[in-house]
Amino acid sequence: YDTLLPCQSPRVSVIGAGNVGRTLAQRIAEKNLADVVLLDIVNGLPQGIALDLMEAQGIELHDSEIIGTNNYEDTAGSDIVVITAGLARKPGMSRDDLMNVNAKIVVEAATKCLKYSPEAIFIVITNPLDVMTYLVWQATGLPPQRVMGMAGVLDSSRLQTFIAMELGVSTADVHAMVLGGHGDLMLPLPRYCTVSGVPITELMDEITINRLVERTRNGGAEIVKLLQTGGAYYAPASSACTMVETILRNQSRLLPAAAYLKGEYGLQDVYLGVPCRLGCRGVESILEVRLTDAERLDLHTSAASVRQNVHLALDSLKVLM
Ligand code: TXD
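Residues numbered from 1 in each chain as written. Predicted model: local features only at pLDDT ≥ 70, side-chain atom pairs only at ≥ 80, totals over all residues. Heavy atoms only, no water.

Some words on the overall build of the protein chain
When you go through the protein chain residue by residue, the secondary structure sums to 10 helices and 14 strands. Radius of gyration (C-alpha) of the protein chain: 19 Å, near the 20 Å computed for a compact globule of 321 residues. For the protein chain, contacts bridging at least 24 residues in sequence account for 68% of all contacts bridging at least 6. Charge centroids of the protein chain, computed over 26 positive and 35 negative side chains, lie 3 Å from each other. (Helix = DSSP H or I, 4+ residues; strand = E, 2+ residues; numbered from the N terminus. Rg over C-alpha atoms; globule rule 2.2 N^0.38 Å. Contact = heavy atoms within 4.5 Å. Lys, Arg positive; Asp, Glu negative; His and termini not counted. Charge placed at Lys NZ, Arg CZ, Asp CG, Glu CD.)

Here is the structure:
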């Protein structure tokens, strides 16, 4: 029985043990998807959360190990790195208000993780999402298919929920699609939202659809306003967990994610929410759905805003260096 190689479970590192990070760690572990390394800058915090989660292992009956740490060496050999570290919004703040502080945090986290996990796929969650994802891609120098941002799954899930609530049907039968940047310029696409295959444009009038679309656009702010002390985290963690699962299990699901565009939708050198086929290599392909002229214009406006913020964030990083 000697000299057996240790069995290696998949490993996901979650950087930032705040609300989203710790909830994501819980979801990944309880679904038995992978061992989780939870890292935070605050001493004791990730260790405490990890221990608390491990103490539920015998009740939840999963086999995943959760390790809390302040040391990047412990993230070594990760298959996926999820970056949630950074500031979250307070009431009255826009996602863009977080930019300069979070830019420094995500670049540092990504660079350190890459050193110990050169094969990892990176999923960025920190806001402003599309800008931070671009910075992580640039800082790591990885092929763009291995760096993506999580927002579209969440925004689509919000719209899916609102459609189900409005029609009184099961969310399981509702499919919703939201593209574009994760912010006020996101692009919900009612034409591509269906209930058991029936477009919602057949089931609701325009005024109702517009109301649900607006609620989706303000979905994050609605929760920030209610909580007062931070942003949403249950649905964001579930959304990120879906992406982790799709990649680890090579499911080839078609999910909206912030992906690097090289001409798709007429856009170059920008990260933006588009439908992606996700599998074990990361973003395996980008689907180009047909857009009306107005939708295409909205997508380009969203891209222009992301691009402008990327320049501002890069300038702020130069000042700091
Ligand atoms: O759809 C989406 N992409 C989002 C994004 C949905 C929800 C939340 N979204 C954003 O994720 C949010 O605007 C924030 O920028 C991040 C994290 O949100 P969360 O709600 O988890 O914020 P918390 O609870 O404040 O946690 C942040 C943690 C906290 O424990 C800090 O100590 C830690 O990040 N932190 C760091 N960890 C490691 N290294 C550094 N430098 C660091 N700085 C802060």
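So, next bit.
Focus: the site of the ligand
Around the ligand there are 27 residues in total, and N19, V20, D40, L87 and M150 lie nearest to it. One of the backbone nitrogen or oxygen atoms of G86 is found 3.3 Å away from an oxygen atom of the ligand. One of the backbone nitrogen or oxygen atoms of M150 is found 2.8 Å away from a nitrogen atom of the ligand. Summarising the interface, the protein chains cover 86% of the accessible area of the ligand, which totals 860 Å² for the free molecule. (Near = heavy atom within 4 Å. Polar contact = N/O pair within 3.5 Å; in protein donor to acceptor, adjacent residues only side chain to side chain. Areas by Shrake-Rupley, 256 points an atom, 1.4 Å probe, with all protein chains shown as cover.)

Quick look at the layout of surface pockets
When its volume is computed, the largest pocket comes out at roughly 1000 Å³. Lining the largest pocket are 45 residues, with T84, A85, G86, L87 and A88 positioned closest to its centre. Top element by residues in the lining of the largest pocket is helix α4 (residues 99-116). It accounts for six residues. Along the lines of polarity and charge, the residues of the lining of the largest pocket split into 21 nonpolar, 15 polar and nine charged. By volume, the second largest pocket is sized at about 470 Å³. (1 Å grid on protein atoms, 1.4 Å probe; cavity = no way out; pocket = protein on both sides within 12 Å on 5 of 7 lines; lining within 4 Å. Points joined across faces, edges and corners; volume = space filled by probe spheres on them. Nonpolar A, V, L, I, M, F, W, Y, C, P; charged D, E, K, R; others polar.)

Observations regarding the environment of L159
Looking at the element boundaries, L159 is found in helix α6 (residues 152-167). Separated by 31 residues in the primary sequence, L159 and P190 place their C-alpha atoms 9.4 Å from one another.

Considerations on unusual backbone geometry
Along the chain, N127 connects to P128 via a cis peptide bond; the corresponding omega equals -5°. In this structure, S196 takes a positive phi of about 45° despite not being glycine. Along the chain, S196 turns up in the loop between β10 (194-195) and β11 (198-199). For S196, a relative accessible area of 54% puts it in the exposed group. The backbone of S252 shows a phi angle near 55°, a positive value even though the residue is not glycine. Within the secondary structure, S252 is located in the loop between α9 (234-248) and β12 (253-262). (Buried < 20%, exposed > 50% of the residue type's maximum accessible area, 1.4 Å probe, protein only.)

Notes on the environment of R290
Position of R290 relative to the elements: it lies in the loop between β14 (282-286) and α10 (293-320). Separated by 27 residues in the primary sequence, R290 and L317 place their C-alpha atoms 37 Å from one another. Contacts of R290, omitting those with residues within four sequence positions, involve R191, Y192 and E295.

So, empty space enclosed by the protein
If a probe as big as a water molecule is rolled over the atoms, it shows which places are left empty. Summed over the entire model, instances satisfying the criterion amount to one cavity of 30 Å³ or more. The space that makes up the largest cavity amounts to roughly 40 Å³. Forming the walls of the largest cavity are D130, A151, G152, D155, V178, L179, G180, G181, A257, A258 and G273. Counting only elements with at least two residues in the lining of the largest cavity, the list comes to α6, β8 (178-179) and β12. Each residue belonging to the lining of the largest cavity can be placed in one class, and the counts come to five nonpolar, four polar and two charged.

Topic: the packing of helix α1 (residues 19-30) against α9
It is the contact of α1 with α9, at a shortest axis distance of 8 Å, that shows an interaxial angle of 50°. By the angle class used here, α1 and α9 are oblique. As for the relative orientation of α1 and α9, their crossing is right-handed in sense. Contacts between α1 and α9 involve V20, T23, L24, R27 and I28 from the first element and Y234, P236, A237, S238, A240, C241 and V244 from the second. When its residues are assigned to classes, the contact of α1 with α9 shows nine nonpolar, two polar and one charged. (Axes fitted to C-alpha atoms, helices over the stretch in contact; angles between N-to-C directions. Parallel < 35°, antiparallel > 145°, perpendicular 65-115°, else oblique. Left-handed = near helix turned anticlockwise from the far one by under 90°.)

A few points about the confidence of the model for the protein chain
For the protein chain, per-residue confidence averages 95 on the pLDDT scale, and residues scoring 70 or more make up 98% of the total. Here the complex is predicted with pTM 0.97, and the ipTM for its interfaces comes to 0.99. (pLDDT = per-residue confidence, 0-100.)

Remarks on helix α2 (residues 45-54)
At 3.6 residues per turn, the α-helix brings residues three or four places apart onto the same side. For α2, the full list of buried residues reads P46, I49, A50 and L53. For α2, the buried positions fall inside an angular range of 100° around the axis, keeping them on one side. At its buried positions, α2 is contacted by α1, β2 (35-39), α3 (57-60) and β3 (66-69). (Arc of directions from axis to C-beta.)

Quick notes on the nonpolar core
Membership of the largest hydrophobic core comes to 85 residues, with the highest contact counts inside it found for I15, I28, I83, F122, I123 and M243. Not counting residues within four places of it along the chain, the set of residues in contact with I15 comprises L39, Y72, T75, V81, V82, I83, T84, A85, A109 and C113. If you look at the next biggest cluster of nonpolar residues, it comprises 15 residues, including F162, V174, M186 and V213. (Core = buried A, V, L, I, M, F, W, Y, C linked by side-chain atoms within 4.5 Å.)

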